[in-house]
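# Notes for the structure review
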Amino acid sequence: MSAPTFAVRGGVPAEDTPAWRALFDRSTSADAAVHDRTAAIIARVRLDGDAALRALALEFDGVALDALEVPRRAWRRGLAALDPALRRALERAAGNIRAAHDAFRPRAQSFTTADGVVIVRRPDPLDRVGVYAPGGRATYPSSLLMGVVPAKVAGVREVVVCSPPSRDGRPAPVLLAAAEIAGADRVFAVGGAGAIAAMAWGTSSVPRVDRIVGPGNAYVAEAKLQASGVTAIDAPAGPSELLVIADDSADPAVVAREMVAQAEHDPLAAVVLVCAAAGLAQRVERAIGAMIDAEPRAAIVRAAFAARGGIVTVASVERALEFAALYAAEHVLVCCRAASAVAARVRNAGTIFTGAAGSVAFGDYMTGANHVLPTGGLARGYSGLSTEDFYRWTTTQRITRSAARSLAADVGTFADAEGLPGHAAAARQWSVT
């Protein structure tokens, strides 16, 4: 394993070195090259629409597209050709996602602030949502399920999926199968920043959507940020992240396996262990080193550990929690003796796994919780994708005549103070009715 190690004494933060700062600087939006290249792609799509999308597919995916939209019969062929075990796993995952997101579906709320004044806050499903399903270094039908199923649970009228084309001009068959299982309405063989631009501004083929969700690489995350002025987005999720909090009860092999698993996502994946136990760092590091050579994605794992990996040794679990709050990871795995108590105190995390048996892989695929989560430290202010993301909230206010009379004088005084005589007159007309 090649990753920086740190022994923190006292409080956190305690170091000011380039390697230490690199642990926390995981945003890709500060990369001028990513920003400028993404902006250029968006400009091409806005100007040339479908023609730009075809040109980008040839440039980045090496395929000449006959059509951007994938016909439904291709989805069904993908589903029919699936290995039965994989189909069962996808259907089980979709069922769990559906059940969990239905349980947390928002309901209308009503409140009376004064006699005759009733305020209602009503969740209205969005009309059209775009789901981005990655398909570059790896194919992620799980991400497609995580985006489409909650949208359908919410009652979104039309769910559009964009995913990069493979050599045959269509997304991978497993992605098409997942789209059929999830209940998507349309699928387009469009990937990367171009897909985000197409869904945000619309083209002749790809409809403009009300919100774009789904993870992706640095360019996808940057495109979502640049499009956020014209369409809503979820958290601008980038490369995967894992923070493990461990004490002397942790099994080094289990911790190592979890770190390797998340590092295989992407060379820019961020994988950090913060341990409150003497000697644990060295044992985990040795365990990782013993695993890497046998990994099919060893080159990606090594690159991730070198670029954004780290092992931090602290004096106590209390200090580990301070580090976790500062780091604000996408995934936090708590491998401690009092795992539930420690997990309850973790702040600023996309999702928290309690105890060694709570492998992040279970959450990635099967528990039903959503795996589309904030990265790059954005867990300080963003939440993971949920059913709520597929609604807009509409507020209605009902005011009776008697309530209007009781409000009129105070509202008139307020409006006078703000120099808005029209407002004052509108309110005071009710004081004499």
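We now turn to the structure provided with this report. (Residues numbered from 1 in each chain as written. Predicted model: local features only at pLDDT ≥ 70, side-chain atom pairs only at ≥ 80, totals over all residues. Heavy atoms only, no water.)

Next up on the list: the pattern of salt bridges. This model, assessed by the stated rule, comprises 18 salt bridges. We note a salt bridge from Glu91 to Arg87, for which the minimum N-O separation is 2.9 Å. With a gap of 4 residues between them, Glu91 and Arg87 both fall in helix 5 (residues 84-103), about one helical turn apart. For Arg87, a relative accessible area of 32% puts it in the partly exposed group. The partner of Asp185 in a salt bridge is Lys152, with the nearest N and O atoms 3.0 Å apart. (Salt bridge = Lys/Arg side-chain N within 4 Å of Asp/Glu carboxyl O. Helix = DSSP H or I, 4+ residues; strand = E, 2+ residues; numbered from the N terminus. Buried < 20%, exposed > 50% of the residue type's maximum accessible area, 1.4 Å probe, protein only.)

Here we come to the packing of helix 2 (residues 32-48) against helix 3 (residues 50-61). Packing of helix 2 against helix 3 brings their axes to within 6 Å, and their N-to-C directions diverge by 140°. On the basis of their axis angle, the class for helix 2 and helix 3 is oblique. Residues Arg37, Ile41, Arg44, Val45 and Asp48 of helix 2 touch helix 3, and the partners they reach there are Asp50, Ala51, Ala52, Leu53, Ala55, Leu56, Glu59 and Phe60. The class makeup of the residues in the contact of helix 2 with helix 3 is 8 nonpolar, no polar and 5 charged. (Axes fitted to C-alpha atoms, helices over the stretch in contact; angles between N-to-C directions. Parallel < 35°, antiparallel > 145°, perpendicular 65-115°, else oblique. Contact = heavy atoms within 4.5 Å. Nonpolar A, V, L, I, M, F, W, Y, C, P; charged D, E, K, R; others polar.)

Now for the packing of aromatic side chains. In the structure shown here, the tally under the stated rule is 5 aromatic pairs. Between the aromatic rings of Phe24 and Phe323, the centroid separation amounts to 5.4 Å while the plane-to-plane angle is 55°, which identifies the pairing as tilted. Of this pair, Phe24 sits in helix 1 (residues 18-24) while Phe323 sits in helix 13 (residues 317-327), and the two are 299 residues apart along the sequence. Ring plane angle 15° and centroid distance 5.7 Å describe the contact between Phe323 and Tyr327, whose orientation is recorded as stacked. With Phe323 and Tyr327 both in helix 13, this residue pair falls 4 residues apart, about one helical turn. What makes Tyr327 buried here is its relative accessible area of 0%. One aromatic cluster in this structure is built from Trp20, Phe24, Phe323 and Tyr327. Taking NZ or CZ as reference, Arg121 lies 4.2 Å from the ring centre of Trp393, over its face. (Phe/Tyr/Trp six-rings, centres within 6.5 Å; stacked < 30°, edge-to-face > 60°. Lys NZ or Arg CZ within 6 Å of the ring centre and 35° of its normal.)

Most of helix 8 (residues 192-201) is tucked away, with 9 of its 10 residues classed as buried. The complete set of buried residues in helix 8 reads Gly192, Ala193, Gly194, Ala195, Ile196, Ala197, Ala198, Met199 and Ala200. As for helix 8, its buried residues are in contact with helix 2, helix 3, strand 4 (128-132), strand 5 (158-162), strand 7 (211-213) and helix 9 (218-227). Gly202 sits one or two residues past helix 8 and shows a positive phi near 85°.

This next bit is on the layout of surface pockets. Space inside the second largest pocket adds up to approximately 230 Å³. The class makeup of the residues in the lining of the second largest pocket is 5 nonpolar, 9 polar and no charged. (1 Å grid on protein atoms, 1.4 Å probe; cavity = no way out; pocket = protein on both sides within 12 Å on 5 of 7 lines; lining within 4 Å. Points joined across faces, edges and corners; volume = space filled by probe spheres on them.)

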